[in-house]
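# Structure assessment
Okay, here's what each chain looks like letter by letter:
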Amino acid sequence: MATMRGLSLILSVLSAITLLWTELGECNNHRRSGEVVDTDFSGFSVPLEHSFEMDDVPRFRLRGALQFRGGRENSVYLSQNQLSEKDRNTLKDVAAVDGIYRIRVPRVSLQADWQTERRSEGYLSAFVRACSLVESNLSDVITLHTDVSGYVIGISMVTIPGSCRGIEMEDEVDLELFNTTISVVAPVTAPSPETAPFIERMEQEMEKKGKNPQEQKSFFAKYWYLILGGAVFLMATSSAQTPPGGAREQS
Amino acid sequence: MAWLVVRIAFSVCLLYTALAVFEDQVGKFDWRQQFIGKVRFALFDTHSQASKKLLVATDKNVFASLNSRTGDFFWRHVDKTGPEGHIDSLLMDGQDAVVVIGNGRLLRSWETTVGGLKWETVLDTGSFQAAALVGVQGFVKYVAVLKKTAISFHDLTSGSQIWVENLPDSDSVQYQTIYSGGNGLLFVLGVVPNSHIVIVEYKMEDGEIMNKKSVEAAWMSSLESSCAVISSGILLCVDPITQSLYTLLLQSTEQKDMKQIHLQTLDLEVASGFQPVLTSTQPNPAQPPLAEFFLQLSPDHHILLQHKDGLIAPLRDFSPSNLVAFATTGEKTVAAVMSLKNDTACSINLFSAETGRRHLDTTIIYHMDPSGGKPNRMYVHAFLKKDDSVGYRVMVQMEDHTLTFLQQPGRVVWTREEALADVVAMEMVDLPLTGTQAELEGEFGKKADGLLPMVLKRLSSQFILLQAWLAHLWKLFYDARKPRSSVRNEVTIETLSRDEFNLQKMMVMVTASGKLFGIESKSGTVLWKHFLENINPNSVFKLMVQRTTAHFPHPPQCTLLIKDKDTGLGSLHVFNPIFGKRSHTSVPALPRPIIQSLLLPLIDQDYAKVLLLIDDQYKVTAFPSTKNVLQQLQDKASSIFFYLVESSQGKLSGFRLRKDLSTELIWEVVIPTEAQKIVAVKGKRVNEHVHSQGRVMGDRSVLYKYLNPNLLAVVTESTDTHQERSFVGIFLIDGVTGRIVHEAVQRKARGPVHFVHSENWMVYVYWNAKFRRNEFSVLELFEGAELYNSTVFSSLDRPHPPQVLQQSYIFPAPISTLEATLTEKGITSRHLLVGLTSGNILSLPKIFLDPRRPEVVSEQSREENLIPYAPEMPIRTEWFINYNQTVSRVRGLYTAPSGLESTCLVVAYGLDIYQTRVFPSKQFDVLKDDYDYVLISSVLFGLFFATMISKRLAEVKLLNRAWR
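Note that the coordinates shown come from a computational prediction; the quantities given were computed from them, not determined experimentally. (Residues numbered from 1 in each chain as written. Chains lettered and ligands numbered in written order. Predicted model: local features only at pLDDT ≥ 70, side-chain atom pairs only at ≥ 80, totals over all residues. Heavy atoms only, no water.)

The subject of this paragraph is the overall build of chain A. When you go through chain A residue by residue, the secondary structure sums to seven helices and nine strands. Within chain A, buried positions represent 38% of all 251 residues. In chain A, once contacts between residues fewer than 6 apart in sequence are set aside, the share between residues at least 24 apart is 68%. Surface summary for chain A: the accessible area is close to 15,100 Å², and the carbon and sulfur share equals 58%. (Helix = DSSP H or I, 4+ residues; strand = E, 2+ residues; numbered from the N terminus. Buried < 20%, exposed > 50% of the residue type's maximum accessible area, 1.4 Å probe, protein only. Contact = heavy atoms within 4.5 Å. Areas by Shrake-Rupley, 256 points an atom, 1.4 Å probe, with all protein chains shown as cover.)

This is the structure:
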């Protein structure tokens, strides 16, 4: 029994880890450079392409493959290639002239059932400054945004840190591996006016009032002694003052 | 106890934000102007000689009665917008005005003196063709309404339907006109294009068809445009191709063909390509029309003809003559003829309709506004003078919708600028400095040239100031001797100058008709107007202030981008917003359609902001395009980004400027159009200042705002309109990087969505399709407890997404527009200005729209002054900034900061225009109107003297003590 419990515990922990894994899709980097990423995954995959050129004319090359897994939550996994020696140098050169680094993905739907229907015309693209990518050691965050029906509508990319300080990168720093955090974000549902909790709260207030009989009493019931006292005091003072006035009147 | 505290806090909050106008402040700093729109029908009340009434019906579905002596309203009725309230026809008889509304849906009769509704009848469905008053035995008793397939006959006093008859062969015959000569018969005339005319004769009592005949007329395509009925029931038509007139006696059964009269026999000729127009007149619906009629042969050539014994004879040839109109008073019918003398003057003359003879001393010479276009229509009001001669007044409608009322011998009685009923864009521009201020300003503007010249310069400017002050004093003294009523502070273009607190500004308004107005904001006086001719009616306007008044001696400069909706081709109109004059700057030629325009913060050497225009090939044109500007653009090219929206494809894309002024695509977001379509994209206002970087929380920590100036709010509506599945999408997208900062879906919601995007928040209003109510939702973005980079904001370097808070509320009123107040430095708390469809403008404190309003009150939220959450938004009548001055059909609200931090200028425009000031945090920087200067100064002086005296006394006392 105990072992069973232990096992289930482990299992749950494991599933939590895998969930985390799929949610964040913390990317590992295959060291098989130049190889086309295998796509025999459950779900489907689309290419993620990038471009960084000295003349700033986009020429997109494969950076990796985005693998989507079907199911309720849109989990995504990115397997990407290593930057080649040539690419690294180009990237550094582009960074030196403050060029831009672009990425793009084709427009896809995560919900459609048929592979043929997933793809639409065109691409979604984003960019960062190449220098910030270099200075952050290729650590970036890529977010795919979907609309209500599961279509990918936009891609965004930021590097952490995002600034370009212009510091000289040492040659030893390996610009080989991307350290990418990738996620899919669906639109959040905006709240509606919350009438039910408000009414509930009002009712609670009313109940509280009802429970406390002190507050139920009227003003006179609560402070009758003060009013009476005040009245007596007033009468006493006014009666005490009359004789002198009356005396003066007589004189 | 806690509840009590909360309540007190709440009421204190309300007290703090309470704003209303006191009774004696009414009209002190606000004004309203009411309009009617472009006049389609205008009728003078000829019932009695002394009547001042003028009934008008307009394209804005307004039915009003104007005082013809002053141009003011007696009353005005604003009907529904769109085709539902469209006024099809206006007829008048005595005290009754009969109106057909909504493509023949309703028939209404109004009492014209007070504007009360006498009766209303719902008509059968069917598209409206014509309506006419029908008289019998000299009295008008009925009204007939012709629809496409049926004719109905109504009693004029009660509106009750007497009979309704289906028209014979209505699927092939187009019935277009009704005619009745007051002899108990009603003729309905229809045409089968290029084949024949159909005439159906009805008996007036029961709608029985007495006779039906068809007459060959192979040349005719439309009855309405080419025919008229003259004298005792003769149909007269004109054919431009054969150059001939055709006549047909309606009642006769013998005549089987139309009688042809060649125009050549009358020595007349129609100008080529011109559709001749026949104008006849029927002064009394119970009597047959006159035998005289006008024939227009070319745009400036009319002829008065007479039909007598089956023959047509010309009475008088009017050349040039641009407009003609008949008018009747008593038994006399006259014809007024307007002819243009030159571009700015025209003359109107009166002629007898029967003889064509000119009435003596009836010439009106009218000097037109050179910037007002051509006269379009003329409405004549004739009356009998004491000596039984005919006098007349004329209302002229110009191309720019202006109404001008003229009297003999050419006096303009009043003018109404009806173009202002449709304002599409506006800006407020500071007024220029006074001469003396400019003098001082000029001193600082010049370069220093030695010590002595500077001293001399200063002395001279001080002397000028002294002179101006003395002149001012003298004027005060001079004015004080005059009776108060004769001292009038009339604003003219010469006396324009900025006031102390910059509360008076120039409102530059662009109207849909293409007329520009410069209106002084304090009194609402139109100081200049400029009509842009040759503007397509469905053009899109974008008004930009390129140079403000701050750069003396350079004049301020506004640029209007006019874009044709169909072709997309644009043109620029550059003008001085203070005087309305066109600037003599070279405007770039724009051969390709313009898809985006942006005003850069870069300025050229003359302090004009640079305007970039992007055409459909993504080529950039700069204006002004001097060398200096191009150099600056090259230097800054890598930091100039812009976005484009293609709502038909749901595509948003970002571009960056290159050094050679070409552009490159850098990001793309595509929102599939199958599910939703983009309805609006809005950035933030450029002249907005945010005073505080964050909000202080209850625990004394700071929650920093996410203040991204490049943030775009994109609103989409679902294509599925089912109430359960419809939604409104809200996307916050960075305009530089294309990053989707936030994406939310409001479920079961529908448009129209109105929204304001400002500071770190966005407020939007939508229709909740499930609960059938309007709801407000507020989104606020925060960076968190720490700022990523506190010195500068860059979209390229802000990796962490902001925290988004959102809350929604019920708003118990329909909304037509939304705007936020704006102040000079942004210290004053913000209010939302909500234009309600009822015509009120609600000033709603932003404190009520705060997503941090807590469900349960805590110590910290109380510390922060947060109002506990309540789902329903309150509407207090004292929050209506326009008290009882409702603004009909508010379409837009414009806010502008003034020189006072507490004050924000507001202009609401729609059918009416309303201008006022609002004080969102009350007038904290202004002394009240009833501030007691006398008391405070007497107290001060009193205290001063008391100190002096007591000091003296104390000295004496000390001295005395020393002697003792």
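Moving on from the model shown.
Here we come to the overall build of chain B. Helix and strand counts for chain B come out as seven helices and 62 strands. Each principal axis of the C-alpha distribution contributes one length, and for chain B these read about 130 × 75 × 70 Å. Residues counted as buried form 53% of the 964 residues belonging to chain B. Considering only intrachain contacts with a sequence separation of at least 6, the fraction spanning at least 24 residues in chain B is 51%. Put simply, chain B shows about 44,500 Å² of open surface, and 55% of that area lies on carbon and sulfur atoms.

One pass over the structure, following the stated rule, counts two disulfides over all chains. There is a disulfide in this structure between Cys131 of chain A and Cys164 of chain A, and the S-S distance comes to 1.9 Å. Between Cys131 of chain A and Cys164 of chain A the disulfide shows an S-S torsion of about 95°. By sign, it is right-handed. Taken together, the positions of Cys131 of chain A in helix H4 (residues 130-135) and Cys164 of chain A in the loop between strand S7 (152-159) and strand S8 (179-185) put the pair 33 residues apart, joining distant regions of the chain. Covalently, Cys227 of chain B is tied to Cys237 of chain B through a disulfide, its sulfur atoms 2.0 Å apart. The sign of the S-S torsion, about 105°, decides the handedness of the disulfide formed by Cys227 of chain B and Cys237 of chain B: right-handed. In this pair, Cys227 of chain B is assigned in strand S18 (residues 227-230) and Cys237 of chain B in strand S19 (residues 234-239), connecting sequence segments 10 residues apart. Each member of the pair, Cys227 of chain B as well as Cys237 of chain B, is classed as buried. Cys558 of chain B forms no disulfide, and the closest cysteine sulfur to it belongs to Cys904 of chain B, at a distance of 19 Å. (Disulfide = S-S within 2.5 Å.)

With that settled, the discussion passes to the packing of aromatic side chains. Across all of its chains, the model carries 28 aromatic pairs over all chains by this definition. Residues Phe63 of chain B and Trp75 of chain B carry aromatic rings whose centres are separated by 5.4 Å and whose planes lie at 70° to one another, so their mutual orientation is edge-to-face. A residue pair is termed long-range when its members are at least 10 positions apart, and Phe63 of chain B in strand S4 (residues 62-67) and Trp75 of chain B in strand S5 (residues 73-78) qualify at 12 residues. An identical accessibility class is assigned to Phe63 of chain B and Trp75 of chain B; each is buried. Aromatic pair Phe294 of chain B and Phe326 of chain B: ring centres 5.1 Å apart, planes at 40°, arrangement tilted. Within this pair, whereas Phe294 of chain B is found in strand S23 (residues 292-298), its partner Phe326 of chain B is found in strand S26 (residues 323-329), the two being separated by 32 residues in sequence. Taken individually, Phe294 of chain B and Phe326 of chain B each receive the classification buried, so the pair is uniform in this respect. Grouping aromatic residues by their ring pairs yields a cluster made of Tyr142, Phe153, Trp163 and Tyr202 of chain B. Here the basic side chain of Arg61 of chain A rests over the ring of Phe52 of chain A, its NZ or CZ set 4.8 Å away from the ring centre. Between Arg685 of chain B and the ring centre of Tyr894 of chain B, over which it is positioned, the NZ or CZ distance is 5.5 Å. (Phe/Tyr/Trp six-rings, centres within 6.5 Å; stacked < 30°, edge-to-face > 60°. Lys NZ or Arg CZ within 6 Å of the ring centre and 35° of its normal.)

What follows deals with the pairing of strand S60 (residues 892-897) of chain B. All names here are of chain B. Burial within S60 is extensive, with six of its six residues counted as buried. The side-chain alternation of S60 yields two buried faces, one formed by Gly892, Tyr894 and Ala896 and the other by Leu893, Thr895 and Pro897. With six bridges joining them, S60 and strand S61 (residues 904-909) adopt antiparallel strand pairing. By the bridge assignment, Tyr894 is partnered in S61 with Val907. Where S60 hands over to S61, the hairpin turn is made up of six residues, counted between the paired strands. (Pairing = 2+ DSSP bridges.)

Let us look at the sheet that holds strand S16 (residues 196-203) of chain B. All names here are of chain B. The four strands lie next to each other as S14-S15-S16-S17, forming an open sheet whose pairing is antiparallel. Strand pairing shows two members of the sheet lacking a second neighbour, strand S14 (174-179) and strand S17 (209-216), which therefore form its edges. Neighbour to neighbour, the strand axes of the sheet diverge by 20° on average, direction disregarded. With eight bridges connecting them, strand S15 (residues 185-192) and S16 associate as antiparallel partners. Of the residues in S16, the one forming a bridge with Leu185 is Lys203. (Axes fitted to C-alpha atoms, helices over the stretch in contact; angles between N-to-C directions.)

Glancing now at the pattern of salt bridges. Going through the model one piece at a time under the given rule, you end up with 43 salt bridges over all chains. Close ionic contact of Glu664 of chain B with Arg102 of chain A constitutes a salt bridge, the shortest N to O distance being 2.7 Å. Here the residue Glu664 of chain B occupies a position in strand S46 (residues 663-670), and Arg102 of chain A occupies one in strand S4 (residues 100-106), the pair thus bridging two chains. There is no split in this pair, since Glu664 of chain B and Arg102 of chain A are both buried. With a shortest N-O distance of 2.8 Å, Lys846 of chain B and Glu780 of chain B are connected by a salt bridge. Of this pair, Lys846 of chain B sits in the loop between strand S59 (841-845) and helix H6 (859-863) while Glu780 of chain B sits in strand S55 (residues 773-784), and the two are 66 residues apart along the sequence. Of the two residues examined, Lys846 of chain B and Glu780 of chain B, each falls in the buried class. Among the charged side chains, a network of salt bridges with common partners joins Arg695, Glu780, Lys846, Asp850, Arg852 and Glu864 of chain B. (Salt bridge = Lys/Arg side-chain N within 4 Å of Asp/Glu carboxyl O.)

How big an interface is tends to be reported as the loss of accessible area on association of its parts. Each partner contributes residues to the interface: chain A has 42 residues there, and chain B has 50 residues. Roughly 3,700 Å² is buried in total at the junction of chain A and chain B, and carbon and sulfur atoms are behind 56% of that figure. Inspection of the chain A/chain B interface yields two salt bridges. Our enumeration of links across chain A and chain B arrives at 15 residue pairs in polar contact (both at pLDDT 80 or more). A breakdown of the residues in the side of chain A that touches chain B according to their chemical character gives 20 nonpolar, 12 polar and 10 charged. By the bridge criterion, two bridges tie strand S9 (residues 188-189) of chain A to strand S52 (residues 740-747) of chain B in an arrangement that is parallel. Looking at the pairing, Thr189 of chain A lines up with Val745 of chain B of S52 of chain B. (Buried area = accessible area lost by both parts, 1.4 Å probe. Polar contact = N/O pair within 3.5 Å; in protein donor to acceptor, adjacent residues only side chain to side chain. Nonpolar A, V, L, I, M, F, W, Y, C, P; charged D, E, K, R; others polar.)

Turning our eyes to something else, we now look at a nonpolar patch on the surface. All names here are of chain A. Taken together, the side chains of Phe219, Phe220, Tyr223, Trp224, Tyr225, Leu226, Ile227, Leu228 and Val232 present a nonpolar region at the surface, about 1,000 Å² in accessible area. Looking at the element boundaries, Val232 is found in helix H7 (residues 219-250). For Val232, a relative accessible area of 52% puts it in the exposed group. (Patch = residues over 30% accessible without salt bridge, like charges linked within 9 Å, V, L, I, M, F, W, Y side chains within 5 Å.)

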